[in-house]
Structure formats: structure tokens, C-alpha cells
Number of protein chains: 2
Amino acid sequence: MDFKLKIRISNGKDTAMGPGKAQLLEAIQECGSISKAAKKMNMSYRRAWELVNIMNQCFKTPLVITSHGGIHGGGAEVTPLGLSILHTYRNIEAISTSSANQELSSIFSHLVQS
Amino acid sequence: MDFKLKIRISNGKDTAMGPGKAQLLEAIQECGSISKAAKKMNMSYRRAWELVNIMNQCFKTPLVITSHGGIHGGGAEVTPLGLSILHTYRNIEAISTSSANQELSSIFSHLVQS
């Protein structure tokens, strides 16, 4: 079953954190670069940069920092704040899904399988 | 403060219910027509129809039914299932916001006011 609860956290204008941004943070953390993370997610480099920029602008301090040059070219790193926000976001998903479980199941029971 | 938790319910492909669709259902219920509801929401008639179609296709039975003709032209009505889904969706929002309140506040405290 593919029925899902998706949670987005908004600053009133942009989505500061959501399913795609959380997955991208995890991929950057794993791959150590935005281009490799984009490739892993089948996302264009441009789009990945865009999402990183939106996140960094939504928060008081950046969630991702990049470095230039070096033998392997530029790298990217999820900051301690980024890791903490990611962890908290995954918690919010889990808490919401479990506490509204009965209500979600009720809606899901009326959905057509896509 | 405009910081918000936004919840979308997806069938894996489309968003079956989310903030915009819930608001549109409420407007249709209030106005009795899709065109008046669209106007109330500053949304194009075309976009409102699109959202109604997506909702109706996501669920096993429609959330909105329309009637043709009559003195005042066609009208639209939210079905009993539509009202029940809307009510349940608003409950999910409330339950999630209150049960993950601490985690949400923690993320919000790091957001820049837009």
C-alpha cells in the first residue's frame, strides 16, 4: 500500500522541511556532496541546489555547508543543526502517524489504490 | 507567527487531501458552487475543477457532486463522504500538531520569520 501521510513545515512562504528535503539531507550526509546526492535521488543538480538554498534561507543558520576545491572537488556536509532538524522531522512524522493512526486508516480505507 | 505544519495525504501518486483541497471543500460547502468557491479562494475556476477532479478520482466515491442547469445554473455539493473526510482531515491536523507540539516548537525556534 502506498498511502502516505506527508508532513511539510512551512515558514508561511516556503517549505522549510518536507519529505523531499529530508531525503536530500540524508543523501548529502551519506554521499558528502550535493551532486552525488542529486544523482542518488534522480534529481537534477540544479534542483538539489535549489532545495538546499531554500532550506538554508529558511533557517537562522544553514543546514548544509559546502566546501570548494581539494583533490576531490567541492564537498557538502550536513551541519549539526541540519542533523538535529532532520532527526526532529522524522520524529514528527512518526508521532503524527502513530497518534492519528485511527483517523488516517479511516481516510485510507476510502482511497483508490493508484 | 506564520510557522505551520502542513499535512498531505497521498495515494502514492496524487495528493488526495491537503490544506488547499480541504479549504476548497469548505468553500464549496459554503458557496454551493465550484465557481463561487474558486472566486472566494482567489483561485481560477479551472484550477478549482482540477482539484475537485483529483479528489474525486483519489477516492472510491466522489467528495463533490455537481448538478447542471436550473435557474441559477449548475451547483456543487460536498457529499456526506466529503464532509466526513474533511472532518477527519481537520482532526488529523489537530492531533498531529498537539502530539508533536514539542518537536514542532523546536524546529520553529530555528526558522527565520518570512
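Throughout what follows, the structure given in this document is the object of discussion. (Residues numbered from 1 in each chain as written. Chains lettered and ligands numbered in written order. Predicted model: local features only at pLDDT ≥ 70, side-chain atom pairs only at ≥ 80, totals over all residues. Heavy atoms only, no water.)

### Quick notes on the sheet that holds strand β2 (residues 15-17) of chain A
Read from one edge of the open sheet, four strands run β2(A)-β1(A)-β1(B)-β2(B), paired in antiparallel fashion. Both edges of this open sheet fall to β2 of chain A together with β2 (15-17) of chain B, since each of them pairs with a single strand only. Sheet twist, expressed as the mean angle between neighbouring strand axes with direction ignored, is 55°. Alignment of strand β1 (residues 4-10) of chain A against β2 of chain A, held across two bridges, turns out to be antiparallel. Within β2 of chain A, the position partnered with Ser10 of chain A by the bridge is Thr15 of chain A. (Pairing = 2+ DSSP bridges. Helix = DSSP H or I, 4+ residues; strand = E, 2+ residues; numbered from the N terminus. Axes fitted to C-alpha atoms, helices over the stretch in contact; angles between N-to-C directions.)

### What about the interface of chain A and chain B?
The partner chain B presents 37 residues to the 37 residues of chain A that form the contact. Roughly 3,300 Å² is buried in total at the junction of chain A and chain B, and carbon and sulfur atoms are behind 67% of that figure. For the pair chain A and chain B, the number of links is zero salt bridges. Linking chain A to chain B there are 11 residue pairs in polar contact (both at pLDDT 80 or more). Residue assignment for the side of chain A that touches chain B shows that the elements contributing at least two residues are β1, α3 (45-58), α4 (80-99) and α5 (101-108) of chain A. The greatest single-element share of the side of chain A that touches chain B, amounting to nine residues, is contributed by α4 of chain A. (Contact = heavy atoms within 4.5 Å. Buried area = accessible area lost by both parts, 1.4 Å probe. Salt bridge = Lys/Arg side-chain N within 4 Å of Asp/Glu carboxyl O. Polar contact = N/O pair within 3.5 Å; in protein donor to acceptor, adjacent residues only side chain to side chain.)

### Brief notes about the side chain of Glu103 of chain A
Counting through the fold element by element, Glu103 of chain A comes out in helix α5. At 14 Å, Arg90 of chain B is the nearest oppositely charged side chain to Glu103 of chain A, a buried residue that forms no salt bridge. (Buried < 20%, exposed > 50% of the residue type's maximum accessible area, 1.4 Å probe, protein only. Lys, Arg positive; Asp, Glu negative; His and termini not counted.)

### Topic: the relation of the copies chain A and chain B
When chain A is fitted onto chain B, the two copies agree to an RMSD of 0.0 Å after a turn of 180° and an axial shift of 0.0 Å. Here the two chains are linked by the operation of a two-fold rotation axis. (Least-squares fit on C-alpha atoms with pLDDT ≥ 70 in both.)

### With respect to helix α5 (residues 101-108) of chain B
When we look at burial in α5 of chain B, the residues that qualify are Glu103, Leu104, Ile107 and Phe108 of chain B. Along the long axis of α5 of chain B, the arc covered by the buried residues comes to 135°, so they all point the same way. (Arc of directions from axis to C-beta.)

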